[in-house]
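The lines below spell out each chain.
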Amino acid sequence: MDKQMSYTSPVTSLGRIALRWVNELGAMVLFLLRAFRMVFHPKQLPTIIQQVYFIGARSAVIVTFVGLFTGMVMGLQLFHTLVKFGSAGVLGTAVALSLVRELGPVLTAIMITARAGSSMAAEIGIQRISEQIDALETMRIDPLRYLVSPRIAASIISFPLLTAFFDLIGILGGFITGVMLMGLNAGTYFYHVRTGVEMEDITGGFVKAVVFAVLVSMICCFQGFYTHLRRDSYGAKAVGLSTTSAVVISCVLILVADYVVTSLLL
Amino acid sequence: MKTPLIEFQKVSKRFNGHAVLDRVDLSIYEGEVTTIIGKSGSGKSVLLKHIIGLLAPDEGTILFRGRPVQKMSRSERDRTFRQISYMFQNNALFDSMTVFENIALPLRQTTHLSQGAIEERVRVRMEQMELTDAAHSYPSELSGGMQKRVALSRALVIDPKIVLFDEPTTGQDVIRRNAILSMIAQYQRKFGFTAILISHDLPDVFFISNRILALNEGSIIFQGTPEQFEEFDHPFIDEFVQSLEDFQEHLTGIQSKRQFRVRNQMGLRRKGPQDSYVVALFTLQDFDQLCEQLGHTRGQEVLNAMGAYLNKHFGAVGGFSARQSKKQFTTFLPFSNLNEAERILKKFGQDLQKEGLRTIQAEAHVSQDICFPFAILAGFAESRAGGEEIDLVFKAVEASQKEIARVYCEVRR
């Protein structure tokens, strides 16, 4: 009997983990649908504006820095690569397409996850363990409507805007290295940016930004909201672990979703 | 027969296999103050969370006005629970919001009142709770007592029909504790809500409660009036009530009613059946108006000073006093007969009018410039050690009360 158990136990454990993942995924989707339904509640607008300021406006500085240096690095790397093929002139197209299609949405989403996503998970987690969410329920204020819906709505508004901002700053970064440092003609650079990037590329980038916004806000809010149900820890430690889980799961899922969306768009 | 507002029928709740509530039966009636007492960890907070719907029972039924909650539609349940406010033990204030925003939150999120109307209601509530100066502070910048008052303001700001108070006086000094209880009693009478309290503050909480529920090891072992509770004979009383009274510093610095009765009985046993004694009763008339004018904290300080004054005065002639109700004191004069007592009380009344009221005002830290009209009534009755029950004596005393001192305020023109 014991021998049989030792053969089956890894399978049992794997099954248990798989079931837990499936359950959690189902719970997350329901959580998202319930919260999304309440985005259009009449009292939401002031809270959504507050969250757009926190998630969007206050992330602008970090997005500027990351965008600028990403564009500069790309300008430098691609310039040296393209020179080998005698096509340094298309630097503008290469930088702009990489940024608009891939790097812009992905890096922006990761940056916002680090800055605002972690804060969402921690803030909601602390509200859970200090009974503030219970207090909302006793006041008949739906915590999903009050805490989660505005964050999802604000993310959906902020992610594409910040992605666009990242793209612009990145293209400017490519200009600094390619034109100002490497001596490429400025008119050539901008001509290739304008002719190389098509509307579908921009739309695709925005689609990705919206998908990442939904994923990041859902995962971070979900992790914070159910901090009290963690089995591995309690209290402040549970808030810490929920925040870590929120950031790690969000980053991984951003990359997975990036591949899925790209393959659907191409 | 009166239908209970809330009724538990064989309600059980387990956490990790441990029964926190075990087949609990209880009734809570509309318009009353019901206090739930019990040792720490006996399931009092869990019981309250069942009433407000934060927890659902594993077994048994909870009824609201005779309707089982489990059978209510979602909208009916929502309507029912919307009438209830809950004050958490740890306050559960939103630490990233100011005091004003915390109190305004339920109005902003659950009503369609205009911004001006919300601000006015919050301002009035903050004034009543003496929180005006803290309006723009954050909860972490306030003392424990002030946080409690913010939580109380938030619970009352929506004018609920039922208010649950989970240890509303924890962490308060004796004056504030009684001020909060007095405030709860006053608002309960004024707005007519049903109050359900969890409290350890015996006997203070008895003065405002209509019913007491005692929870012991997950079961209700007593339901009844505070007077019935004082007669209730159970090991729980010795373990819980007595232990609390031993180390309790009472508001008035004098004995509790229970201690008073014990000491009274001991005193009477030492006397012959024909030996007389006198019981006097003092009432602070218009106490509620006094609290409204001076604030609940000052009101309790006046009561405190009055208790100290009585103790000082009658202690000298071998008397001892106890707080009889929210605004009444009883004094037992074991070595006096009716004639002596009449003389003593007459002298007491003169002293009180001449300088006592001024002393009480000073002791209560009420500025001499502030005049608050109030009167003290007194009555007394004689009985014999082998005579009638003490409760009958109290009734006779109450009937004989008349005014012995009054503060007159000049009307300035």
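In this report, the structure presented in the accompanying data block is examined. Everything quoted here is computed from the prediction, not taken from an experiment. Counting of residues starts from 1 at the beginning of each chain's written sequence and follows it residue by residue. Numbering of ligands from 1 and lettering of chains from A proceed in the order in which they are written. Side-chain atom pairs in this predicted model are given and counted only at pLDDT of 80 or more, local residue features only at pLDDT of at least 70, and totals for whole chains, interfaces and linings cover all residues. Side-chain measures here rest on the full set of heavy atoms in the structure, leaving out hydrogens and waters.

Observations regarding the side chain of N91 of chain B
All names here are of chain B.
And step 1. Within the fold, N91 resides in the loop between β6 (84–87) and α3 (99–110).
And step 2. The cut-offs for exposure are 20% and 50% of the maximum accessible area for each residue type, with area from a 1.4 Å probe on protein chains only; residues under the lower value are buried, those over the upper are exposed, and the others partly exposed. Overall, N91 belongs to the buried group, its relative accessible area being 7%.
And step 3. Between two residues, a contact is recorded if the distance between any of their heavy atoms is within 4.5 Å. In this structure N91 touches Q147, K148, A151 and R154, once residues within four positions along its chain are discounted. A run of DSSP states H or I qualifies as a helix once it reaches four residues; a run of E qualifies as a strand once it reaches two. Both are numbered from the N-terminal end.

Remarks on the packing of aromatic side chains
The way to describe two aromatic rings as a pair is by their centre distance and the angle between their planes.
And step 1. Whether two aromatic rings pair depends on their centres lying within 6.5 Å, for rings of Phe, Tyr and Trp, where Trp uses its six-membered ring; planes under 30 degrees apart make the pair stacked, over 60 edge-to-face, and the rest tilted. Within the structure shown, the criterion is met by 16 aromatic pairs over all chains.
And step 2. Ring geometry for F36 of chain A versus F40 of chain A: centroids 6.2 Å apart, planes at 90 degrees, classification edge-to-face.
And step 3. An angle of 45 degrees between the planes, with centres 5.9 Å apart, marks the rings of Y309 of chain B and F348 of chain B as tilted. Linking Y309 of chain B in helix α11 (residues 296–315) with F348 of chain B in helix α12 (residues 338–363), this pair joins segments that are 39 residues apart in sequence.

Here we look at α12 of chain B
An α-helix turns once per 3.6 residues; consequently, residues spaced three or four apart project the same way.
All names here are of chain B.
And step 1. Expected span, for any helix, means 1.5 Å times one less than how many residues it has. Here α12 is 26 residues long, yet its end C-alpha atoms lie only 31 Å apart, well below the 38 Å a rise of 1.5 Å per residue gives.
And step 2. Two axes define the bend at a residue: one fitted to the seven residues ending there, one fitted to the seven starting there, and the bend is the angle between them. At L352, α12 shows its maximal kink, close to 60 degrees.
And step 3. Of all the positions in α12, only A341, I344, L345, F348, G349, D351, L352, G356, L357, I360 and Q361 are classed as buried.
And step 4. H365, located one to two residues past α12, shows a positive phi value of around 60 degrees.

Overview of the sheet that holds strand β9 (residues 211–216) of chain B
All names here are of chain B.
And step 1. Pairs of strands are assigned from DSSP output, requiring at least two bridges between the strands. What the 6 strands build is an open sheet, ordered β6-β7-β8-β3-β9-β10; its pairing is mixed. Of all the strands in the sheet, the pair left with one neighbour each is β6 and β10 (219–224). Each strand axis lies, on average, 15 degrees off the axis of its neighbour in the sheet, ignoring direction.
And step 2. Pairing of strand β7 (residues 162–166) with strand β8 (residues 194–198), which is carried by 5 bridges, proceeds in the parallel orientation. Helix axes use the C-alpha atoms of the stretch in contact, all axes being lines fitted to C-alpha atoms, and the angles between their N-to-C directions lie in the range 0 to 180 degrees.

Describing the packing of α3 of chain B against helix α5 (residues 144–156) of chain B
Residue and element names in this part refer to chain B.
And step 1. With their axes 7 Å apart at the nearest point, α3 and α5 run at an angle of 25 degrees to one another. In this view, α3 runs roughly parallel relative to α5, as classed from their interaxial angle. Here α3 runs over α5; the crossing is right-handed. Here V99, N102, I103 and P106 of α3 lie close against α5, whose contacting residues are V150, S153 and R154.
And step 2. Each residue is assigned to one class: nonpolar for Ala, Val, Leu, Ile, Met, Phe, Trp, Tyr, Cys and Pro, charged for Asp, Glu, Lys and Arg, and polar for all the others, Gly among them. Of the residues contributing to the contact of α3 with α5, the split by class is 4 nonpolar, 2 polar and 1 charged. Between 65 and 115 degrees an angle is taken as roughly perpendicular, under 35 as roughly parallel, over 145 as roughly antiparallel, and anywhere else as oblique. Handedness of each helix crossing follows the sense of rotation of the near helix against the far helix: counterclockwise by less than a right angle gives left-handed, clockwise gives right-handed.

Concerning the interface of chain B and chain A
And step 1. With 23 residues of chain B in contact, the opposing surface of chain A contributes 15 residues.
And step 2. Here the quantity called buried area is the total loss of accessible area, with a 1.4 Å probe, experienced by two parts when brought into contact, counted for both. The junction of chain B with chain A conceals about 1700 Å² of combined surface from both sides, 55% of it contributed by carbon and sulfur atoms.
And step 3. On the chain B side of the contact with chain A, L54, F94 and Q109 of chain B bury the most area, a combined 32% of that side's loss.
And step 4. Counted as salt bridges are all cases of a side-chain nitrogen of Lys or Arg within 4 Å of a carboxyl oxygen of Asp or Glu. Linking E131 of chain A and K49 of chain B is a salt bridge whose minimum nitrogen-to-oxygen distance equals 3.0 Å.
And step 5. Going through the elements one at a time, α1 (44–52), α2 (74–82), β6 and α3 of chain B are the ones with two or more residues in the side of chain B that touches chain A.
And step 6. Ranked by residues supplied to the side of chain B that touches chain A, first place goes to α3 of chain B with 5 residues.
And step 7. Looking at the side of chain B that touches chain A residue by residue, the class counts come to 12 nonpolar, 5 polar and 6 charged.

Brief notes about the sheet that holds strand β2 (residues 18–28) of chain B
Residue and element names in this part refer to chain B.
And step 1. Strand order in this open sheet of 4 strands is β2-β1-β4-β5, and the pairing throughout is antiparallel. Of all the strands in the sheet, just β2 and β5 (67–68) have a single pairing partner and so form its edges.
And step 2. As defined by bridge partners, strand β1 (residues 6–15) adjoins strand β4 (residues 59–64) across 5 bridges and the pair is classed as antiparallel. Bridge pairing in β4 places I6 opposite F64.
And step 3. Here α1 sits on the sheet and contacts β1, β2 and β4; the angle it forms with β1, its principal contact strand, is near 120 degrees.

Observations regarding the state of the cysteines
All names here are of chain A.
And step 1. Any cysteine sulfur atom paired with another within 2.5 Å is treated as part of a disulfide. Tallied over the full model, the rule gives 0 disulfides over all chains.
And step 2. In this structure C220 is not part of a disulfide, and its nearest cysteine sulfur, from C221, lies 6.9 Å away.
And step 3. Judged by its relative accessible area of 0%, C221 falls in the buried class.

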